[in-house]
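Each chain, letter by letter, is given below.
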Amino acid sequence: MLEKLAYFFVSQPTRLILLGDLVLRIAAADLMVGLIGHVAAVGTSALASFGAPASVAPMLAELYPNLPTGLVPESAFGFIATSVIGVLGLTAIEVGKKVRRMMG
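Residues numbered from 1 in each chain as written. Predicted model: local features only at pLDDT ≥ 70, side-chain atom pairs only at ≥ 80, totals over all residues. Heavy atoms only, no water.

S.K.: An account of the overall build of the protein is needed here, citing residue identities and associated values.
M.R.: Within the protein, the regular secondary structure consists of four helices and zero strands. Ordered by position from N to C terminus, the α and β elements of the protein give α-α-α-α. By the compact-globule yardstick of 13 Å for 104 residues, the protein is too spread out, its C-alpha radius of gyration being 20 Å. A principal-axis box enclosing the C-alpha atoms of the protein has dimensions of 65 × 25 × 15 Å. In the protein, the share of contacts with a sequence separation of at least 24, taken over all contacts with a separation of at least 6, comes to 64%. Surface accessibility of the protein: about 7,700 Å² in total, with carbon and sulfur atoms responsible for 74%. With 7 positive and 6 negative side-chain charges, the protein shows a spacing of 18 Å between the two charge centroids. (Helix = DSSP H or I, 4+ residues; strand = E, 2+ residues; numbered from the N terminus. Rg over C-alpha atoms; globule rule 2.2 N^0.38 Å. Contact = heavy atoms within 4.5 Å. Areas by Shrake-Rupley, 256 points an atom, 1.4 Å probe, with all protein chains shown as cover. Lys, Arg positive; Asp, Glu negative; His and termini not counted. Charge placed at Lys NZ, Arg CZ, Asp CG, Glu CD.)

S.K.: Before we move on, could you go through the side chain of Asp30 and cite the residues and values that matter?
M.R.: Mapped onto the fold, Asp30 is located in helix H2 (residues 13-48). Buried charge without a salt bridge: Asp30, with Arg25 as the nearest opposite-charge side chain at an N-O distance of 15 Å. Leaving out residues up to four positions away in the same chain, Asp30 has contacts with Leu71, Val72, Pro73 and Thr82. (Buried < 20%, exposed > 50% of the residue type's maximum accessible area, 1.4 Å probe, protein only. Salt bridge = Lys/Arg side-chain N within 4 Å of Asp/Glu carboxyl O.)

S.K.: How would you explain the environment of Met59 if you had to name every residue and give the values?
M.R.: Looking at the secondary structure, you find Met59 in the loop between H2 and helix H3 (60-63). The exposure class assigned to Met59 is partly exposed, which follows from its relative accessible area of 44%. It is 8.7 Å that separates the C-alpha atoms of Met59 and His38, two residues lying 21 residues apart in sequence.

S.K.: Break down the packing of aromatic side chains for me, citing the residues and quoting the values.
M.R.: Two numbers describe a pair of aromatic rings. These are the distance of the centres and the angle of the planes. Scanning the entire structure with this criterion turns up one aromatic pair. On the numbers, 5.3 Å between centres and 75° between planes, the contact of Phe8 with Phe9 is edge-to-face. Looking at Phe8, the relative accessible area reads 40%, which means it is partly exposed. (Phe/Tyr/Trp six-rings, centres within 6.5 Å; stacked < 30°, edge-to-face > 60°.)

Coordinates in, geometry out; function isn't part of it.
This is the structure in structure tokens:
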């Protein structure tokens with residue numbers, strides 16, 4: 001099965017380049033949504049605690065219960081994991097370009 005997958009990408013390296021580009025774009029969009037969500041959560045927490053003692057910023061699922069926020073990074077681990085996925089996309093692009101260059 002892995003041989004068929006490797007042949008699928010090696011036979012036309014453009015597929016690997018496009019897959020890497022898609023992964024990179026999805027990771028970048030996820031990071032941007034996570035950043036906007038973090039700003040919204042901290043801003044809401046700051047506005048709510050003007051007269052009260054400082055509280056912990058709420059999670060995005062608590063702020064927006066009707067939106068699917070399961071894949072949005074909210075912690076440092078989530079941001080690091082999404083960044084690693086973006087780097088894997090960049091790596092796939094570079095490998096695809098090298099394979100295309102070697103094939104002539």
